[in-house]
Amino acid sequence: MKLFFLMLVVSLGMSSGFADDRKTVTLTGAGIDRKNPEKFIEAAEAVGFDELITMSNDPAFLERAVEAGRIHHIKIFSCIAPSETSGLEKLWNKRSPDRPVPWQVLTDDQEAARTFIRAGENKYIIPYQFGGEPKMTNEVLWKKIICLSNPEARDLFKPLIDGIVSVPGIGGVAFDEFGYQNYHRCHCERCQKLLEEFSARNPAMSKDEAETAFFRGVLVDTINDLADYARSKNPEIKTSIHIW
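Below or above, wherever it landed, is the structure these notes cover. Predicted model only: the values in this text are computed from it and were never measured. Residue numbers restart at each chain and count upward from 1, following the sequence in its written direction. Per-residue local features are limited, in this predicted model, to residues with pLDDT of at least 70; the limit for side-chain atom pairs, both in listing and counting, is 80 or more; totals at the level of whole chains, interfaces and linings are taken over all residues. To obtain the side-chain values, all non-hydrogen atoms of the structure were used and water was disregarded.

1. Thoughts on unusual backbone geometry
What is expected of a backbone is that most residues other than glycine have negative phi and most peptide bonds are trans.
Part 1 of the argument: Non-glycine residue glutamate 177 carries a positive phi angle of around 65 degrees.
Part 2 of the argument: For helices the rule is a DSSP run of H or I covering at least 4 residues; for strands it is a run of E covering at least 2, with both sets numbered from the N terminus onward. Relative to the elements of secondary structure, glutamate 177 occurs in strand S5 (residues 172-178).

Listed below in structure tokens is the structure:
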């Protein structure tokens, strides 16, 4: 049995004084065996993990994981993500069956790069940006990501958050894959219109400055909105973020 991968190490604080200048860290891992979470979490304690993030939003599974975590002193976070592999398309089609999912839009060149990356086994052999790899000329994520400027798209996450925070003892909500499929922006009509309006309100900004500021703001607002929503349901809930 193995832990899937180490997600992050976070420094939480430092004690005062030079004689005892130590910092406390929290070791967080991503992935929990869904067939046997109890044995997996027991092994995680032996390794030294303090928190584990599961990709499952199923309340029944989360209850099992939380109970095992309580026994082994590990907090459990449940992950939500805006990509096509996280089940958002099913949620959208249930809510709006007659309208297409508002995925982010790429340029033609970026879409061609995505097609190449997805071809055959390319997505497994191309040096993708999982950490430290050289940047490709026209790199994009192969997974579609929902448009973050769309309020209806944001609302898809709220029932998921409701289910997570309803689990007694859950440690938190982990936001993953939040960002842009091309690492910069979305080219859909809605985003383009909002960008033009933002640029008109900020004439001192150059085109590049306005684009960066606008799409960074959309990303930050999305994360803050969902985090605030989670805390409105449970003031003690914690959140983490993995930005793409």
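2. Some details on the packing of aromatic side chains
Part 1 of the argument: The pairing test for Phe, Tyr and Trp rings, Trp by its six-membered ring, is centres within 6.5 Å, and the orientation test on the planes gives stacked under 30 degrees, edge-to-face over 60, and tilted for anything in between. According to the stated counting rule, one finds 5 aromatic pairs in the structure shown.
Part 2 of the argument: Here the aromatic rings of phenylalanine 157 and phenylalanine 178 are separated by 5.5 Å at their centres, their planes lie at 45 degrees, and the arrangement is tilted. Taken together, the positions of phenylalanine 157 in helix H7 (residues 157-165) and phenylalanine 178 in strand S5 put the pair 21 residues apart, joining distant regions of the chain. The same class applies to phenylalanine 157 and to phenylalanine 178, which are both buried.
Part 3 of the argument: Residues phenylalanine 198 and phenylalanine 214 carry aromatic rings whose centres are separated by 5.7 Å and whose planes lie at 50 degrees to one another, so their mutual orientation is tilted. Note that phenylalanine 198 is positioned in helix H8 (residues 189-201) and phenylalanine 214 in helix H9 (residues 207-233), a separation of 16 residues in sequence.
Part 4 of the argument: Only protein chains enter the accessibility calculation, which uses a 1.4 Å probe. A residue is then buried if its area is under 20% of the maximum for its type, exposed if over 50%, and partly exposed in between. A residue is classified by how much of its surface remains accessible, and phenylalanine 214, at 10% relative accessible area, is buried.
Part 5 of the argument: An aromatic cluster of three or more residues is present, and its members are Tyr180, Phe198, Phe214 and Phe215.

3. What to know about the pattern of salt bridges
Part 1 of the argument: Salt bridge criterion: a side-chain nitrogen from Lys or Arg within 4 Å of a carboxyl oxygen from Asp or Glu. According to the stated counting rule, one finds 12 salt bridges in the structure shown.
Part 2 of the argument: Salt-bridge contacts for arginine 114 lead to glutamate 84; the nearest nitrogen and oxygen are separated by 3.5 Å. With arginine 114 in helix H4 (residues 108-118) and glutamate 84 in the loop between strand S4 (75-80) and helix H3 (88-95), the pair connects residues that are 30 residues apart, well separated along the chain.
Part 3 of the argument: Since its relative accessible area comes to 24%, glutamate 84 is described here as partly exposed.
Part 4 of the argument: Taken together, the shared-partner salt bridges connect Glu84, Glu111, Arg114 and Arg118 into one network.

4. Let's talk about the packing of H7 against H9
Part 1 of the argument: For helices, the axis comes from a line fit to the C-alpha atoms of the stretch in contact; other axes are also lines fit to C-alpha atoms, and the angle between any two N-to-C directions lies between 0 and 180 degrees. Look at H7 against H9: their axes get within 10 Å of each other, and the N-to-C directions meet at 35 degrees. Handedness of the H7/H9 crossing: right-handed. Along the contact surface, H7 presents Phe157, Lys158, Ile161, Asp162 and Val165, while H9 presents Asp225, Leu226, Tyr229, Ala230 and Lys233.
Part 2 of the argument: Residue classes in the contact of H7 with H9 are distributed as 6 nonpolar, no polar and 4 charged. Crossings are sorted by hand: turned counterclockwise from the far helix by less than a right angle, the near helix makes the crossing left-handed, and turned clockwise it makes it right-handed. What makes two residues a contact is simply this: any of their non-hydrogen atoms within 4.5 Å. Throughout this entry, Asp, Glu, Lys and Arg are counted as charged residues, while Ala, Val, Leu, Ile, Met, Phe, Trp, Tyr, Cys and Pro are counted as nonpolar. The remaining residues, Gly among them, count as polar.

The analysis is restricted to geometry; functional conclusions fall outside its scope.
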